[in-house]
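Each chain is listed here by its residues.
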Amino acid sequence: MTADTSRSLFREAVRKLEPAIGEDARNDARVLLTHVLAAGNAACLCPDISDGAVSNEMASRFRALVRQRLQRKPVSRIVGHRHFWKGRFLVTEDVLDPRPETELLVEMALRGPPFDRVLDLGTGTGCILGSLLSERPEATGVGVDISPGALRVASENLNRLVVSNRAELVLSDWFSAVTGQFDLIVSNPPYIATTEVPFLEPEVRCWEPARAIQGGPDGLECYRKIAAGIGTHLKSGGRAFLEVGASQARPVCRMFRSVCDLDSRIYKDLDRFDRVVRLERRK
């Protein structure tokens, strides 16, 4: 029997994956194969898969991972991590899988005046808080989440980034256990309306924690909770950056203007969707 090679396994996986997941099949197959071969992160970017022989054990492991992907389990949940901003973050069933579009929030928060103290509401993996603290070595931060499991994941990720000495993690329902004021507040809250959940892609509907994606009947429930407390915890002259879903940016801006004296601005992502709302408290 002819031994499997990395190239033959790659082609086999693409043939199986393409009918189910389309144009992402090649990249997903490459990432899964790289993970099994332990070839290092850079191999995910290589244009070609080598034709080296693969042991029966590794071939079996790879095919098992492909079967998981055929069940629409996200690649990041299969391999256990996601690359975000400039780091690699542990991903488990307790946390939202970080999305590339959330990097826009990090980018915008890093622009403008420096910040000394940042609050991350609903920190999840800690990817936003960790990325911001990595870029600003003089800053400190607090990450809050209602899920103890999420806080354990965030703790490990912040340790990996070597920023845990500048970060505090707090079990809190939004602002309920938060004290003090911050010159920067960030959040990617749940914003999918309950009625929209059945129509989501299986990767989201079946694999994301419901608490991390569902934002109530209109998707705005969590923004209302943030708006109720932001006036107490955002310093004069401070800024807040919130990720929003499609068509939510303007309602969110109106909501925060109605409760606080906040100037607002909307930023679009690479697909030209309104993605991030910036709120600034006047001095």
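For clarity, every value in this text was computed on a predicted model and none was experimentally measured.

J.: Please explain the sheet that holds strand β9 (residues 274-281) as it appears in this structure.
T.: Pairing between sheet strands relies on hydrogen bonds along the backbone, with the strands arranged either parallel or antiparallel. Across the sheet, 7 strands lie side by side as β5-β4-β3-β6-β7-β9-β8; this open sheet has mixed pairing. Sheet topology places β5 (167-171) and β8 (262-268) at the edges, where each strand pairs with a single neighbour. Each neighbouring strand pair of the sheet contributes to a mean axis angle of 15°, computed without reference to strand direction. Bridging between strand β3 (residues 117-121) and strand β6 (residues 182-187) involves 4 bridges; their strand directions are parallel. Within β6, the residue paired with L121 across the bridge is S187. Contacts from helix α11 (residues 249-259) reach β7 (234-243), β8 and β9 within the one sheet, and its direction differs from that of β8 by about 165°.

J.: What is the right way to read the confidence of the model for the protein chain from this model?
T.: Close inspection of predicted coordinates is inappropriate for parts of the model with low pLDDT. Averaged over the protein chain, the pLDDT score is 93; the fraction of residues at 70 or greater is 95%. The low-confidence segment residues 40-47 (pLDDT under 50) makes 10 contacts with residues lying over four places distant or belonging to another chain.

J.: How should the packing of aromatic side chains be read in this particular structure?
T.: The description of an aromatic ring pair uses the distance of the two centres, along with the angle that the planes make with each other. Scanning the model with the defined rule gives 1 aromatic pair in all. Consider the rings of F84 and F89, whose centres lie 6.1 Å apart with planes at 80°: the pair is edge-to-face. Accessibility assignment for this pair places F84 and F89 in one class, buried.

J.: How should the side chain of E203 be read in this particular structure?
T.: With respect to the element layout, E203 can be found in helix α8 (residues 202-205). A polar side-chain atom of E203 sits 3.1 Å from a polar atom in the side chain of R69. A polar atom in the side chain of E203 sits 2.7 Å from the side chain of R72. For E203, the contacting residues outside a window of four places in its chain are I21, R69, R72, P74 and E208.

J.: Even after reading the chapter, I still don't get helix α7 (residues 148-160), so can you show me in this structure?
T.: Because the α-helix completes a turn every 3.6 residues, residues three or four places apart line up on one side. Over its 13 residues, α7 runs 19 Å from end to end, which matches the ideal 18 Å to within 8%, given 1.5 Å per residue. Of all the residues in α7, the buried ones are G149, A150, L151, V153, A154, N157 and L158. Contacts made by the buried residues of α7 are with β2 (87-90), α6 (127-135), β4 (140-145) and β5.

J.: Before we go on, may I ask you to explain helix α3 (residues 56-70) in this structure?
T.: Along its 15 residues, α3 runs 21 Å from first to last C-alpha, staying within 8% of the 21 Å computed at 1.5 Å per residue. Burial in α3 covers these residues: A59, F62, L65, V66 and R69. Seen end-on, α3 carries its buried residues on one side only, within an arc spanning 125°. Facing away from the buried side of α3 by more than 90 degrees, the exposed set consists of N56 and E57. Against the buried residues of α3 lie α1 (6-21), α2 (25-37), α4 (75-79) and α8. R72 sits one or two residues past α3 and shows a positive phi near 70°.

J.: For this particular structure, what's the right way to read the environment of A212?
T.: Structurally, A212 is set in helix α9 (residues 210-213). Taking relative accessible area as the criterion, A212 reaches 22% and is therefore assigned partly exposed. Sequence separation between A212 and D97 is 115 residues; the distance between their C-alpha atoms is 9.5 Å.

J.: So what exactly am I meant to see when it comes to the nonpolar core here?
T.: Generally speaking, soluble globular proteins have nonpolar side chains that are buried together. Core analysis: the biggest nonpolar cluster contains 35 residues, and L119, I185, Y223, I230 and F256 have the highest contact counts within it. When neighbours within four sequence positions are excluded, F256 is seen to be in contact with Y223, I226, A227, I230, L242, L262 and L279. One finds F84, I128, L132 and V163 within the second-largest nonpolar core, a separate group that totals 24 residues.

J.: What is the right way to look at the pairing of β8 in this model?
T.: Consecutive side chains of a regular strand alternate in pointing toward one face of the sheet and then the other. The pairing of β8 with β9 spans 7 bridges and is classified as antiparallel. Looking at β9, one finds that D263 is bridged to E280. Taking the residues between adjacent antiparallel strands as the criterion, β8 and β9 are bridged by 5 residues, where R272 takes a positive phi near 70°.

J.: Please explain the packing of α1 against α3 as it appears in this structure.
T.: Each pair of packed helices can be described by the angle between their axes along with the distance between the axes. Packing of α1 against α3 brings their axes to within 10 Å, and their N-to-C directions diverge by 10°. Taken together, the axes of α1 and α3 lie roughly parallel to each other. Counted together, L9, F10, E12, A13, K16, L17, A20 and I21 of α1 and A59, F62, R63, V66, R69 and L70 of α3 form the full contact between these two elements. Of the residues assigned to the contact of α1 with α3, the class counts are 10 nonpolar, no polar and 4 charged.

J.: Where do I start with a positive patch on the surface in this structure?
T.: Among the surface-exposed residues, R7, R11, R15 and R26 lie close enough to one another that they form a single positively charged patch. Counting residues per element, the positive patch draws most heavily on α1, which supplies 3 residues. Assignment of secondary structure puts R26 in helix α2. Look at R26 and you get partly exposed, because its relative accessible area is 43%.

Conventions we followed
- Residues numbered from 1 in each chain as written.
- Predicted model: local features only at pLDDT ≥ 70, side-chain atom pairs only at ≥ 80, totals over all residues.
- Heavy atoms only, no water.
- Pairing = 2+ DSSP bridges.
- Helix = DSSP H or I, 4+ residues; strand = E, 2+ residues; numbered from the N terminus.
- Axes fitted to C-alpha atoms, helices over the stretch in contact; angles between N-to-C directions.
- Contact = heavy atoms within 4.5 Å.
- pLDDT = per-residue confidence, 0-100.
- Phe/Tyr/Trp six-rings, centres within 6.5 Å; stacked < 30°, edge-to-face > 60°.
- Buried < 20%, exposed > 50% of the residue type's maximum accessible area, 1.4 Å probe, protein only.
- Polar contact = N/O pair within 3.5 Å; in protein donor to acceptor, adjacent residues only side chain to side chain.
- Expected span 1.5 Å × (residues − 1).
- Arc of directions from axis to C-beta.
- Core = buried A, V, L, I, M, F, W, Y, C linked by side-chain atoms within 4.5 Å.
- Parallel < 35°, antiparallel > 145°, perpendicular 65-115°, else oblique.
- Nonpolar A, V, L, I, M, F, W, Y, C, P; charged D, E, K, R; others polar.
- Patch = residues over 30% accessible without salt bridge, like charges linked within 9 Å, V, L, I, M, F, W, Y side chains within 5 Å.
- Areas by Shrake-Rupley, 256 points an atom, 1.4 Å probe, with all protein chains shown as cover.
- Salt bridge = Lys/Arg side-chain N within 4 Å of Asp/Glu carboxyl O.
- Lys, Arg positive; Asp, Glu negative; His and termini not counted.
- Charge placed at Lys NZ, Arg CZ, Asp CG, Glu CD.

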